[in-house]
Each structure stands twice: as C-alpha cells, then as structure tokens.
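Summary of the model geometry
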Amino acid sequence: MSQQEMAAQVRDGNGFVAALDQSGGSTPKALAAYGVNADAYANDDEMFDLIHAMRSRIVNAPAFTGDKIVGAILFEMTMDREINGKPSAQFLWEDRHVVPFLKIDKGLMDEADGVQLMKPMDHLDSVLPRAVSYGVFGTKMRSVINAANPAGIAAIIDQQFVEGKRVMAHGLVPILEPEINIKMADKAKAEEMLRDEVLKHLNGLAPDEIVMLKLTLPEQPNIYQPLVNHPNVMRVVALSGGYSRADANARLAQNKGVIASFSRALTEGLSADQSDDVFNQTLGTTIDEIYAASVAG
C-alpha cells in the first residue's frame, strides 16, 4: 500500500470520508436504525458480528469506491476482521481504492468546564503499530464541546494535539475531532473560540507535522477557512452531528474546501431487510448526494 498514493487521494481527491466507526456504545443505536433490534443478538460478540455484516454490505456496494469516497474510518474491531477474505483496511484500499483510517479513542470522560475530554489513551502504544501493520493511513479521535468555555475549549484542543503527535510519531495522519454539540447555546461563539485555539496549535507545528480536522458544520459558512488553507492541514472534513442528511448536505455545500465525514447520515435509509438491489440503490443515491455537497464548495 502506497502511503504517498493514499496521501494524494486524501489531499486532492474529490469525494468524502465515510465514517463506519460506531463503537460498542453507539452500535446498538446504529443497528436499530438499520432495522436490527436488540432481541436479534444475545451478547456483544453477536452484536459486533451483525454490525460487521452491515459494514461489509456497505463497502461491497457498487457505489462505495474511491471515485466518490476518499476514505473510510474503521472501528478497531473492524480493522481486526476481514472483508471478503482480506483484512478490512487492505480490502478497502486494494479492492475499493478507499483510504483506511482507524478510530482510536475509547470514549469520553465526564463533563468539566463545558467539555468532555477523551478517556486516557494508554492503549495507543499497542494499537498504533498494529494499524501500521494493516496498512491504515490515519486515525480519528473525538471529544465534545458542550459550552463556549475558554478553559474547556483550550483543554480539549490541547489534548487533541498532544495525542495527535503520538499518532504522527508512528507515521500516521491524525484526524482531530473536537465536536461541537449542535444543541448547545452560543454555538457560533464556541466555533470562533475553537478556530482560534486550533490555529494557535497549528502554528506551533513543524512543517512535516500534518493533521486533518473533523469539525461540526458551523453557523457561519467558511468560518474555518483559515484552517482549510493552513499548510499543516491535509484536509478538513465535517461531521453530520445530528443534522438530517438534507440539512447536513445544505450546510456542507456552503463551506468552501470542506468535505463530509458522515456516519449516521450515510446509513440513513438503509435496512437489513432490503434486497441487495434496493440497498445498493439507496446507498448509491446517498453517496451521490453527499458527494455533490462535498464538491460543491
């Protein structure tokens, strides 16, 4: 797998990043939306078998290729499994020409200063070399901002960059995801504070320290333009964050140079009981819509 070829696709490719990284906490909700209720599995192993089957069905769909999907973010258990007889990351790149990323955070701490930091990342020393061995290109880690609190936002961005440097030390490109809760008061104010704090950290990076950013779609279009244009930023992607796909696409199209990295909005409308033809047609239409919004900017 060529890191240079992957980097060129992530940096310059038309399309979006698919988020297929539902973790243990969010998997039941993702399965329920897919029409698989809790009575369909007896334990976590069976639950993860079902979500892997869903993800495998998605990435095997005819429309799920590098023509419109730049990359895909995997859950750790997905990375460790196979799709069509190949390790998942290898299958994505070799068979679909989609760049593989890995979700590496282990969830959120309790809220303090209006934010939820990531839980301690003690596992990175073991998981990052494994990701490299599988041919993964980069990682993703999420924390959440619930209030326009300067101390909290500073802490969250600091943690993202500290852990991001650990990722970069393994030759991987980190996607830093300081999500802003779309239901919070003063969302626009928090976005300004986030932008300025991220810029401060970006300006302190060495020229070869490259990151990606995954940000909530903003109230003011193009407020993140200084981040999009920053030499240390490979790409800025946007999460759907609870917006419907239609709303998320409309907001995304207003932000120049930002592409989608949707999870729930990507799987909206898919169902386990759909025939392959209906499933593939539904997903194909979704991919076309998200692609159009991603290239509109």
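Structure shown above.
In this text, all values refer to a predicted model and were calculated from it rather than measured experimentally.

1. Concerning the environment of Phe161
- By the element assignment, Phe161 lies in helix 7 (residues 150–168).
- As for Phe161 and Leu202, which are separated by 41 residues in sequence, their C-alpha atoms are 8.8 Å apart.

2. What to know about the packing of helix 6 (residues 124–134) against helix 7
- It is at 10 Å that the axes of helix 6 and helix 7 come closest, and there the two elements cross at 45°. Relative to helix 7, the element helix 6 lies oblique. Crossing geometry of helix 6 relative to helix 7 is assigned as right-handed. Contact with helix 6, carried on its side by Leu124, Asp125 and Leu128, involves Glu163, Arg166 and Val167 of helix 7 and no other residues of that element.

3. Re the packing of helix 10 (residues 245–253) against helix 12 (residues 276–296)
- Contact geometry for helix 10 and helix 12: axes closest at 7 Å, N-to-C directions at 25°. Looking at the two axes, helix 10 sits roughly parallel to helix 12. Relative to helix 12, the crossing made by helix 10 is left-handed. Facing helix 10, whose interface residues are Arg245, Asn249, Leu252 and Ala253, helix 12 presents Thr286, Glu289, Ile290, Ala293, Ser294 and Ala296.
- Across the contact of helix 10 with helix 12, the residue classes break down as 5 nonpolar, 3 polar and 2 charged.

4. Examining the packing of aromatic side chains
- Taken as a whole and judged by the stated rule, the model has 3 aromatic pairs.
- Ring centres 6.5 Å apart and planes at 75° place the aromatic pair Tyr34 and Phe279 in the edge-to-face group. Note that Tyr34 is positioned in the loop between helix 2 (27–33) and helix 3 (44–59) and Phe279 in helix 12, a separation of 245 residues in sequence.
- Using a relative accessible area of 8% as the deciding quantity, one classes Tyr34 as buried.
- Phe279 gets classed as buried once you look at its relative accessible area, which sits at 0%.
- Taking NZ or CZ as reference, Arg57 lies 4.0 Å from the ring centre of Phe279, over its face.
- The cationic tip of Lys68 hangs over the ring face of Tyr291; the distance from NZ or CZ to the ring centre is 5.4 Å.

5. Brief notes about empty space enclosed by the protein
- The full count for this structure, using the stated rule, is 3 cavities of 30 Å³ or more.
- Looking at the largest cavity, its volume works out to about 50 Å³.
- Taken together, Leu215, Thr216, Leu217, Pro218, Tyr224, Val236, Val237, Ala238, Asn255 and Val258 make up the lining of the largest cavity.
- Elements represented by at least two residues in the lining of the largest cavity include exactly strand 9 (211–216) and strand 10 (233–239).
- Looking at the lining of the largest cavity element by element, the count peaks at 3 residues for strand 10.
- The class makeup of the residues in the lining of the largest cavity is 8 nonpolar, 2 polar and no charged.

6. As for helix 5 (residues 88–96)
- Among all positions in helix 5, only Ser88, Ala89, Phe91, Leu92, Trp93 and Arg96 are buried.
- Two residues or fewer after helix 5 comes His97, characterised by a positive phi angle close to 55°.

7. Considering the pattern of salt bridges
- Under the criterion given, the structure shown has 22 salt bridges.
- A salt bridge links Glu219 to Lys187, with the shortest nitrogen-to-oxygen separation between them at 2.8 Å. Residue Glu219 is located in the loop between strand 9 and helix 9 (225–228), and its partner Lys187 is located in helix 8 (residues 187–202); the two are separated by 32 residues in the primary sequence.
- Judged by relative accessible area, Lys187 falls into the buried class, the value being 5%.

8. Details of the environment of Pro174
- Structurally, the position occupied by Pro174 is in strand 8 (residues 173–180).
- Distance in space between the C-alpha atoms of Pro174 and Asp110 is 24 Å, their sequence separation being 64 residues.
- Look past the residues within four positions of Pro174 in its chain and what remains in contact with it is Thr139, Met141, Gly164, Val167, Met168, Ile210, Val211 and Met212.

9. Comments concerning the pairing of strand 5 (residues 99–103)
- Of all 5 residues in strand 5, 5 are buried; the element is thus mostly enclosed.
- Because side chains alternate across strand 5, one face comprises the buried residues Val99, Phe101 and Lys103, and the other comprises Pro100 and Leu102, equally buried.
- Note: strand 2 (residues 69–74) against strand 5, 4 bridges, orientation parallel. In the strand pairing of strand 5, Ala72 is matched with Pro100.

Rules used throughout
- Residues numbered from 1 in each chain as written.
- Predicted model: local features only at pLDDT ≥ 70, side-chain atom pairs only at ≥ 80, totals over all residues.
- Heavy atoms only, no water.
- Helix = DSSP H or I, 4+ residues; strand = E, 2+ residues; numbered from the N terminus.
- Axes fitted to C-alpha atoms, helices over the stretch in contact; angles between N-to-C directions.
- Parallel < 35°, antiparallel > 145°, perpendicular 65-115°, else oblique.
- Left-handed = near helix turned anticlockwise from the far one by under 90°.
- Contact = heavy atoms within 4.5 Å.
- Nonpolar A, V, L, I, M, F, W, Y, C, P; charged D, E, K, R; others polar.
- Phe/Tyr/Trp six-rings, centres within 6.5 Å; stacked < 30°, edge-to-face > 60°.
- Buried < 20%, exposed > 50% of the residue type's maximum accessible area, 1.4 Å probe, protein only.
- Lys NZ or Arg CZ within 6 Å of the ring centre and 35° of its normal.
- 1 Å grid on protein atoms, 1.4 Å probe; cavity = no way out; pocket = protein on both sides within 12 Å on 5 of 7 lines; lining within 4 Å.
- Points joined across faces, edges and corners; volume = space filled by probe spheres on them.
- Salt bridge = Lys/Arg side-chain N within 4 Å of Asp/Glu carboxyl O.
- Pairing = 2+ DSSP bridges.

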